[in-house]
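Residues per chain, in single letters:
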Amino acid sequence: MWPCWSWAAKRELWSGKYQTTGHGSLIITNLAGRITFVSEPVTGNRHDMAKLKGAECETILKAAGGVFGDKGFIGTDYITTPVRKPEGRELYMREHDYNNQISSFRAPVERAVATLKTWRILFTDYRRPLETFLSSFRAAIGLYFFKETFA
């Protein structure tokens, strides 16, 4: 979630999951944890699956082959996700072990996302006019990738 100032007239920015207003993006990394793609931001009220459907991100992930994702992508046939805890019982040991394996692959990805969180412009409330958000977001992501070319 890329938070922004509370815009009362823009209810579609409200994210019930994060209990704040903002925009969301999908981030693709390799297994080493290097960010390779950041999708365009969409309004905060959209679920991860809604962000994925028909987006450029979906094309990239389908072409990539073995892809790991979080529980927000359960139901896709091309993203390997953890097993959700069923209602009324605990996970079986094999399901728990499977989730641990998925988590071990996803750990570098989470660290890469945490790296983006260190960029203050991306994770503090955006208080400029809302029409300028997209250009500021693109500039920040562009600077991130520029920095990464020299790392």
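Before any of the text, the structure's been laid out above.
Residues numbered from 1 in each chain as written. Predicted model: local features only at pLDDT ≥ 70, side-chain atom pairs only at ≥ 80, totals over all residues. Heavy atoms only, no water.

Engineer: Tell me about the nonpolar core, and name the residues and values.
Structural biologist: Looking at soluble globular proteins, one finds that nonpolar side chains tend to be buried together. Counting residues in hydrophobic clusters, the biggest one holds 16 residues, and the most contacted among them are Trp2, Ile35, Val38, Leu116, Leu122, Phe137 and Ile141. Mapped by element, the contributors of at least two residues to this core are strand E5 (35-38), helix H3 (93-117) and helix H5 (133-149). Among the elements that line this core, the one with the most residues is H5, at five residues. Not counting chain neighbours up to four residues away, the residues in contact with Trp2 comprise Gly22, His23, Gly24, Ser25, Ile27, Val38, Pro41, Leu116, Leu122, Phe123, Phe133 and Phe137. (Core = buried A, V, L, I, M, F, W, Y, C linked by side-chain atoms within 4.5 Å. Buried < 20%, exposed > 50% of the residue type's maximum accessible area, 1.4 Å probe, protein only. Helix = DSSP H or I, 4+ residues; strand = E, 2+ residues; numbered from the N terminus. Contact = heavy atoms within 4.5 Å.)

Engineer: With reference to specific residues and values, describe empty space enclosed by the protein.
Structural biologist: All chains considered together, the criterion is met by one cavity of 30 Å³ or more. What lines the largest cavity is simply Trp2, Pro3, Ile121, Leu122, Thr124, Tyr126, Phe133, Ser136, Phe137 and Ala140. Of all the secondary structure elements, the ones that give two or more residues to the lining of the largest cavity are strand E1 (2-3), helix H4 (120-123) and H5. If one sorts the elements of the lining of the largest cavity by residue count, H5 sits on top with four residues. When its residues are assigned to classes, the lining of the largest cavity shows eight nonpolar, two polar and no charged. (1 Å grid on protein atoms, 1.4 Å probe; cavity = no way out; pocket = protein on both sides within 12 Å on 5 of 7 lines; lining within 4 Å. Points joined across faces, edges and corners; volume = space filled by probe spheres on them. Nonpolar A, V, L, I, M, F, W, Y, C, P; charged D, E, K, R; others polar.)

Engineer: So, the environment of Ser25: which residues are in play, and what are the values?
Structural biologist: Locating Ser25 in the fold gives a position in the loop between strand E3 (20-24) and strand E4 (27-29). For Ser25, a relative accessible area of 14% corresponds to the buried category. Between the C-alpha atom of Ser25 and that of Met1, which follows or precedes it by 24 residues, the distance is 7.0 Å. The residues contacting Ser25, other than those within four sequence positions of it, are Trp2, Val38, Ser39, Glu40, Pro41, Lys51 and Phe137. Engagement of the side chain of Ser25 in a polar contact is seen with the backbone oxygen of Ser39, the distance being 3.1 Å. (Polar contact = N/O pair within 3.5 Å; in protein donor to acceptor, adjacent residues only side chain to side chain.)

Engineer: Lay out the packing of aromatic side chains with the relevant residues and their values.
Structural biologist: Applying the stated criterion across every chain yields a total of five aromatic pairs. Pairing Phe68 with Phe105 gives two aromatic rings, centres 4.6 Å apart and planes at 10°, and the pair type is stacked. Taken together, the positions of Phe68 in strand E7 (residues 67-68) and Phe105 in helix H3 put the pair 37 residues apart, joining distant regions of the chain. A relative accessible area of 39% places Phe105 in the partly exposed class. The interplanar angle of 70° and the centroid separation of 5.9 Å between the aromatic rings of Trp119 and Tyr144 together place this pair among those described as edge-to-face. On the criterion of sequence distance, the pair formed by Trp119 in the loop between H3 and H4 and Tyr144 in helix H5 is long-range, its members being 25 residues apart. (Phe/Tyr/Trp six-rings, centres within 6.5 Å; stacked < 30°, edge-to-face > 60°.)

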